[in-house]
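# Commentary on secondary and tertiary structure
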Number of protein chains: 2
Amino acid sequence: MAARPKASRSVRPAKTRGRRRRNGAGAPDRREAILAAALDEFSGRGFAAARLDDVAKRAGVAKGTIYLYFPDKEALFQDLVRSVIGPLIERFEASAEVDLPARLVAERIVDMFVREIYGTRRKDVIRLIIAEGPRFPEIAEFYYREVISRVVAAVRGLLRRAAERGEIPAEALARFPQLLVAPGLVAIVWNGLFDRFEPLDVAALMRAHLDLLFGERRPG
Amino acid sequence: MAARPKASRSVRPAKTRGRRRRNGAGAPDRREAILAAALDEFSGRGFAAARLDDVAKRAGVAKGTIYLYFPDKEALFQDLVRSVIGPLIERFEASAEVDLPARLVAERIVDMFVREIYGTRRKDVIRLIIAEGPRFPEIAEFYYREVISRVVAAVRGLLRRAAERGEIPAEALARFPQLLVAPGLVAIVWNGLFDRFEPLDVAALMRAHLDLLFGERRPG
DNA sequence: AGGTATACTGACTGACCAGTCAGTCACCAT
DNA sequence: ATGGTGACTGACTGGTCAGTCAGTATACCT
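My aim in this report is to walk through the structure given alongside it, one point at a time.

Here is what the cut-offs are and how they apply
- Residues numbered from 1 in each chain as written.
- Chains lettered and ligands numbered in written order.
- Predicted model: local features only at pLDDT ≥ 70, side-chain atom pairs only at ≥ 80, totals over all residues.
- Heavy atoms only, no water.
- Phe/Tyr/Trp six-rings, centres within 6.5 Å; stacked < 30°, edge-to-face > 60°.
- Helix = DSSP H or I, 4+ residues; strand = E, 2+ residues; numbered from the N terminus.
- Buried < 20%, exposed > 50% of the residue type's maximum accessible area, 1.4 Å probe, protein only.
- Lys NZ or Arg CZ within 6 Å of the ring centre and 35° of its normal.
- Salt bridge = Lys/Arg side-chain N within 4 Å of Asp/Glu carboxyl O.
- Expected span 1.5 Å × (residues − 1).
- Bend = angle between axes of the 7 residues up to and from the residue.
- Contact = heavy atoms within 4.5 Å.
- Buried area = accessible area lost by both parts, 1.4 Å probe.
- Polar contact = N/O pair within 3.5 Å; in protein donor to acceptor, adjacent residues only side chain to side chain.
- Nonpolar A, V, L, I, M, F, W, Y, C, P; charged D, E, K, R; others polar.
- Least-squares fit on C-alpha atoms with pLDDT ≥ 70 in both.

### A short note on the packing of aromatic side chains
Inspection of every chain in the model, using the stated rule, returns 22 aromatic pairs over all chains. When the ring of Tyr143(A) is compared with that of Phe194(B), the centres are 6.2 Å apart and the planes differ by 20 degrees; the resulting orientation is stacked. Here Tyr143(A) is found in helix H7 (residues 137-164), whereas its partner Phe194(B) is found in the loop between helix H9 (178-193) and helix H10 (202-214) on a different chain. Residue Tyr143(A) shares its accessibility class with Phe194(B), and that shared class is buried. Of the aromatic side chains, those joined through ring pairs into one cluster are Tyr143(A), Tyr144(A), Trp190(B), Phe194(B) and Phe197(B). The ring of Tyr118(A) is capped by Lys123(A), whose NZ or CZ atom sits 5.7 Å from the centre of that ring. Above the face of the Phe142(B) ring, Arg82(B) is positioned so that its terminal group lies 4.8 Å from the ring centre.

Okay, here's the thing in structure tokens:
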């Protein structure tokens, strides 16, 4: 673990078409099972402290099997992040492109965040990225390229259009789209650290945030 | 590392009064040196992956010496967090209690954040807490009790006073003081993950945030 | 000088774990 | 049947590292 050369990327073994099911009827997708188990173990103990023996046990698989699907522990981690985060971005961009009043679009995005990230295991993946990213440049880069830069761009577009229509108080927001998503990040971090001391009502938090940005919500 | 009983707390060995200096004139405070080295190693590699051999080497000390000052690796981590974060809170509370216009107080707090946290190694400690906290309930609890709850209370007081004077747009903020500090957290996370792709001007970010909360800054 | 106390050292131990690989077994094709 | 294929297994290896402790060095006695 001192200085890895590394390069390869994980590949599924030959063909994983329905064939070769061993036990019961349902296709036992090893790859999915391993990824799910890895998410549990990594987010529970952190990358370094997680044991592949435990991942295997949780996935109902022998340790060697993991190495049929992923070249090593680090690649497993990377594929985990990719597989969980990847699919969400396009949907997000679509949401941000709709040409409706900014407040409405923002509300939809917030809903989506609460439902698809905060309400799922995806928030654990984001927490993992925050925690482990600094030590895994490839993860950080993937995440920046595939997620952050696209989110920032989409939000910027949304806000610029809103500013042109005079819907929004400041163009400062368009310079720092981070300000729009900041509470979401805080919620995720809070959830991981302090929820047992003082639970946080995310939906209310996000609503309050929108009120601050766009002014109080009018009842009508 | 599978299930630690643990209980003890670190104690300095007998008396560390000036006595017993070994080399040169200046008192070679082993404890400080070890804590400083631990901060480097922990924040660079994460708690689990950091090696106490490296901490010792960096501190210019043998590994055994660490165990004269700290009962084990975990206690070293806890003392590190305490020693770095602890001293700052009182100063923060003092800043928040001043009875001046809220905007002014907020600006001072932001300055303090940028200078004393973002501009120092303390931001690395906060990153460590975010990353490792979920796995170290004692750390999370200490941090909640000694920092978060006090910051939240102080900010709430500040905002309530401001709201009574009608200086502030929404009482939503007083319900969610998290919204006030969210950008600071985002800045720290961004700094650790994405600064090499897209550096973030923290001072400008925080200024923009204040403008959003209090309305544009009037030149006068 | 000898004696005692104690800060410090670093080689060592025991446990742990990523990654390996010879072997097993279900499922084919002939 | 018989042999071939390849997914899967899990005992094993080699390296790593937290924590230990017998020993050394230094200071301060008397």
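### Notes on the side chain of His209(B)
Within the secondary structure, His209(B) is located in helix H10. On the basis of relative accessibility, which here comes to 8%, the residue His209(B) falls in the buried class.

### A few points about the pattern of salt bridges
Scanning the entire structure with this criterion turns up 41 salt bridges over all chains. Across the pair Arg150(A) and Glu93(A) runs a salt bridge whose closest N-O atoms are separated by 2.9 Å. Placement of Arg150(A) in helix H7 and of Glu93(A) in helix H4 (residues 73-97) is noted, with a sequence separation of 57 residues between them. Note that Arg165(B) and Asp99(B) form a salt bridge whose closest N and O atoms lie 2.8 Å from each other. Placement of Arg165(B) in the loop between helix H7 (137-164) and helix H8 (172-175) and of Asp99(B) in the loop between helix H4 (73-97) and helix H5 (102-118) is noted, with a sequence separation of 66 residues between them.

### Focus: H7(B)
Residue and element names in this part refer to chain B. For H7, which comprises 28 residues, the first-to-last C-alpha distance of 38 Å matches the rise-based estimate of 40 Å (1.5 Å per residue) to within 8%. The principal kink in H7, of about 45 degrees, is found at Tyr144. Looking one or two residues beyond H7, the residue adopting positive phi is Gly166, at roughly 70 degrees.

### Some words on the interface of chain A and chain B
Each side of the interface is counted separately: chain A has 49 residues, and chain B has 49 residues. A combined buried area of about 4400 Å² lies between chain A and chain B, and 76% of that area is made up of carbon and sulfur atoms. Inspection of the chain A/chain B interface yields six residue pairs in polar contact (both at pLDDT 80 or more). Looking at the side of chain A that touches chain B, the elements with two or more residues in it are helix H1 (30-45), helix H6 (122-132), H7, helix H8 (172-175), helix H9 (178-193) and helix H10 (202-214) of chain A. Element by element, the count of residues in the side of chain A that touches chain B is highest for H9(A), at 10 residues. Residue classes in the side of chain A that touches chain B are distributed as 33 nonpolar, six polar and 10 charged.

### Points about the relation of the copies chain A and chain B
Least-squares fitting of chain A to chain B yields an RMSD of 0.0 Å, with the transformation described by 0.0 Å of translation along the axis and a rotation of 180 degrees. The two molecules are tied by a two-fold rotation axis, judged by turn and shift. Nearest to the rotation axis, the C-alpha of Ala131(A) is located 2.0 Å from it, this being the minimum over chain A. Of all interface residues in chain A, 98% are interface residues in chain B too; the two copies therefore contact each other through one and the same surface.

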